[in-house]
Amino acid sequence: QAQLAESGGGLVQPGGSLRLSCAASDGGSTIYVMAWYRQAPAKTREVVAAESSRGTTHYADSVKGRFTISMDNAKNTVYLQMNHLDPEDTAIYYCNVPRSFKQLTITTRTWGQGTQVTVSP
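These figures come from a predicted structure and were not determined experimentally. (Residues numbered from 1 in each chain as written. Predicted model: local features only at pLDDT ≥ 70, side-chain atom pairs only at ≥ 80, totals over all residues. Heavy atoms only, no water.)

Asks: Can you explain the overall build of the protein chain? Please cite residues and give values.
Replies: Secondary structure assignment for the protein chain yields zero helices and twelve strands. For the protein chain, the N- to C-terminal ordering of α and β elements is β-β-β-β-β-β-β-β-β-β-β-β. A compact globule built from 121 residues would reach a C-alpha radius of gyration of about 14 Å, and the protein chain, at 13 Å, matches this within 12%. Taken over the C-alpha atoms alone, the protein chain extends approximately 40 × 25 × 25 Å along its principal axes. Considering the protein chain as a whole, with its 121 residues, one finds that 45% of them fall into the buried category. When contacts within the protein chain are restricted to residue pairs at least 6 apart in sequence, long-range pairs at least 24 apart make up 55% of them. Of the roughly 6,400 Å² of accessible surface on the protein chain, a fraction of 47% belongs to carbon and sulfur atoms. Here the protein chain carries 11 positive and 9 negative side-chain charges, and the mean point of each set is 6 Å from the other. (Helix = DSSP H or I, 4+ residues; strand = E, 2+ residues; numbered from the N terminus. Rg over C-alpha atoms; globule rule 2.2 N^0.38 Å. Buried < 20%, exposed > 50% of the residue type's maximum accessible area, 1.4 Å probe, protein only. Contact = heavy atoms within 4.5 Å. Areas by Shrake-Rupley, 256 points an atom, 1.4 Å probe, with all protein chains shown as cover. Lys, Arg positive; Asp, Glu negative; His and termini not counted. Charge placed at Lys NZ, Arg CZ, Asp CG, Glu CD.)

What follows is the structure in structure tokens.
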């Protein structure tokens, strides 16, 4: 089963940018959909963005126009470019492999530790 390793989080001022990375070590198998999730304090984990190996993307309404997801299929790696960050984006960000592009809330891999994103003046 894939191990997920997220990186790239940090502390940034409102309006700033960060780029998150996640590598899935899956023994060489092909991953067709990868997604980013986040969990803010006292809130449930939510889908942030997803991309299929065909390039189809999905974004939560709250991040549309600000975040961009991209996949490197050869490396089973997914990235999340986050621009115009807002304090509401503060959360732990996780990646995972959803069951399908239409079932993003059903994940198939053990959660990694995530990477903390804090947006604060």
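Asks: Kindly report on unusual backbone geometry, identifying the contributing residues and their values.
Replies: Its identity is not glycine, yet Ala 42 carries a phi of approximately 65 degrees, on the positive side. When you line up the elements, Ala 42 lands in the loop between β4 (33–39) and β5 (46–52). Judged by relative accessible area, Ala 42 falls into the exposed class, the value being 89%. You will see that His 84, though not glycine, has its phi angle at about 50 degrees, which is positive. By the element assignment, His 84 lies in the loop between β8 (77–82) and β9 (91–96).

Asks: Summarise the pattern of salt bridges; cite the residues concerned and give the values.
Replies: Two side chains that carry opposite charge are able to pair once their charged atoms sit near each other. Across all of its chains, the model carries four salt bridges by this definition. Between Arg 38 and Asp 89 there is a salt bridge, with its nearest N and O atoms 3.0 Å apart. Taken together, the residues span a long stretch of sequence, with Arg 38 in strand β4 and Asp 89 in the loop between β8 and β9 at a distance of 51 residues. Classification of Arg 38 as buried rests on a relative accessible area of 5%. Two residues, Arg 66 and Asp 89, come together in a salt bridge whose shortest N-O distance is 2.7 Å. (Salt bridge = Lys/Arg side-chain N within 4 Å of Asp/Glu carboxyl O.)

Asks: Help me get a handle on the packing of aromatic side chains, residues and values and all.
Replies: Taken as a whole, this structure holds two aromatic pairs when the rule is applied. A centroid spacing of 5.2 Å and a plane angle of 90 degrees characterise the contact between Tyr 37 and Trp 111, whose relative ring orientation is edge-to-face. Highlighted residues: Tyr 37 in strand β4 and Trp 111 in the loop between β11 (103–107) and β12 (115–119), separated in sequence by 74 residues. Judged by centre distance (5.6 Å) and plane angle (75 degrees), the rings of Tyr 94 and Trp 111 are edge-to-face. Note that Tyr 94 is positioned in strand β9 and Trp 111 in the loop between β11 and β12, a separation of 17 residues in sequence. Through a chain of ring-to-ring contacts, the aromatic side chains of Tyr 37, Tyr 94 and Trp 111 assemble into a single cluster. Between the NZ or CZ atom of Arg 45 and the centre of the ring of Trp 111, over which it lies, the distance is 3.7 Å. (Phe/Tyr/Trp six-rings, centres within 6.5 Å; stacked < 30°, edge-to-face > 60°. Lys NZ or Arg CZ within 6 Å of the ring centre and 35° of its normal.)

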